[in-house]
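As a plain string of letters, each chain reads:
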Amino acid sequence: MIDHYDWAGGREAMLRFGPDTGPVVVAALPLFEEANRTRAFVVTILRALAERGIASALPDLPGQGESLVPLRALSILKMQDAYASAVEVFDREGRRAYAASIRSGTLLDALGLMFGRWHFAPVEGAQLLRELTRIKQAEIGPSRRLGDCWFFDGNLPEDAEDPPIEIAGNLISTDILTELTVKTPFSSDDAPEIPHRTVRLESDPKPADLRLPGAPLWRRAEPDNDPALATLLADDIAAWVRACEG
């Protein structure tokens, strides 16, 4: 079902799957082009959850999907606020919400009223910024070397706003790039009383509660899907939500 939610910046679309009662898994896609590469994969997971009797939702956050808000006008904090507003839809319905966040989507679920957070292949903001720096370096070539604060224009007047930076066709605000230097995924240390589960691919050596076989779709040049991996992840999310619900 196509639904919507309202946030301080306007109204955004939201896909809803599964039953109209009970807990709801609210997905958060990665930032930038990785969202496009993983959207079909996440929808496959959410449809599989519906088959297992677990409701879910995929909100278009500002700057993603069908949103009319451009990335150049955003900060991560605004995207976090929008995600929290999507979660409030279910809180008003008296339903408990659980985050299911992918890659850098794990940077966006911090402000929502969550009863648990499930993270797949979480990535820290600093790591994502390094990846963006490598992309930008390849675009401008070896003749100019980018420094740590390459996204600031030191030639602008002190009170002027930095213009957005184009990276792989995306105009990204310097607010987002600056926030990436310090943003980390929500962890158990932030709120020990809230259930938190981390799942990674077998190829990822970082700490995880579960490792599964599969290929990183976010590394591919074009959007793709992995129904077998989506089924394994849906099984894990469904079992985890039911365990959290007691």
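For the structure itself, consult the block above.
Quick summary incoming for the structure in this document. (Residues numbered from 1 in each chain as written. Predicted model: local features only at pLDDT ≥ 70, side-chain atom pairs only at ≥ 80, totals over all residues. Heavy atoms only, no water.)

A closer look at the pairing of strand β3 (residues 24-28)
Worth spelling out the cut-off: Burial classes: relative accessible area under 20% of the type maximum marks a residue as buried, over 50% as exposed, and values in between as partly exposed (1.4 Å probe, protein chains only). Only DSSP runs of H or I with at least four residues qualify as helices, and only runs of E with at least two residues qualify as strands; both kinds are numbered from the N terminus onward. The rule for pairing is simple: two strands pair if DSSP sees at least two bridges between them. Whether a crossover is right-handed comes down to one check: with the strands pointing away from the viewer, does the path from the first strand over the helix to the second run clockwise; if it does, it is right-handed.
Burial of β3 is extensive: five of the five residues sit out of reach of the surface. Taking every second residue as pointing to the same face, both faces of β3 are buried, with V24, V26 and A28 on one and V25 and A27 on the other. Note that β3 and strand β4 (residues 55-59) share three bridges and pair parallel. By the bridge assignment, V26 is partnered in β4 with A57. Tracing the backbone out of β3, into helix α1 (residues 33-51) and back to the parallel element β4 gives a crossover that is right-handed. The pairing of β3 with strand β5 (residues 97-102) spans five bridges and is classified as parallel. Pairing of V24 across the sheet is with A97, part of β5.

Observations concerning the packing of α1 against helix α5 (residues 227-245)
Put simply, the test is: Between the N-to-C directions of two axes lies an angle of 0 to 180 degrees, each axis being a line fitted to C-alpha atoms and, for a helix, fitted only over the stretch in contact. An angle counts as roughly parallel when it lies under 35 degrees, as roughly antiparallel when it exceeds 145, as roughly perpendicular when it falls between 65 and 115, and as oblique in every other case. Helix crossings get a hand from a simple test, with the near helix turned counterclockwise from the far one by less than a right angle marking a left-handed crossing and a clockwise turn marking a right-handed one. Residue contacts are defined here by distance: any two heavy atoms, one from each residue, within 4.5 Å place the two residues in contact. Residues are grouped as follows: Ala, Val, Leu, Ile, Met, Phe, Trp, Tyr, Cys and Pro are nonpolar; Asp, Glu, Lys and Arg are charged; all remaining types, including Gly, are polar.
For the pair α1 and α5, interaxial distance at closest approach is 8 Å and the crossing angle is 50°. Relative to α5, α1 is oriented oblique. Both α1 and α5 take part in a crossing whose hand is right-handed. On α5, the residues that touch F41, T44, I45, A48 and L49 of α1 are P227, L229, A230, L233, A234, I237 and A238. Looking at the contact of α1 with α5 residue by residue, the class counts come to 11 nonpolar, one polar and no charged.

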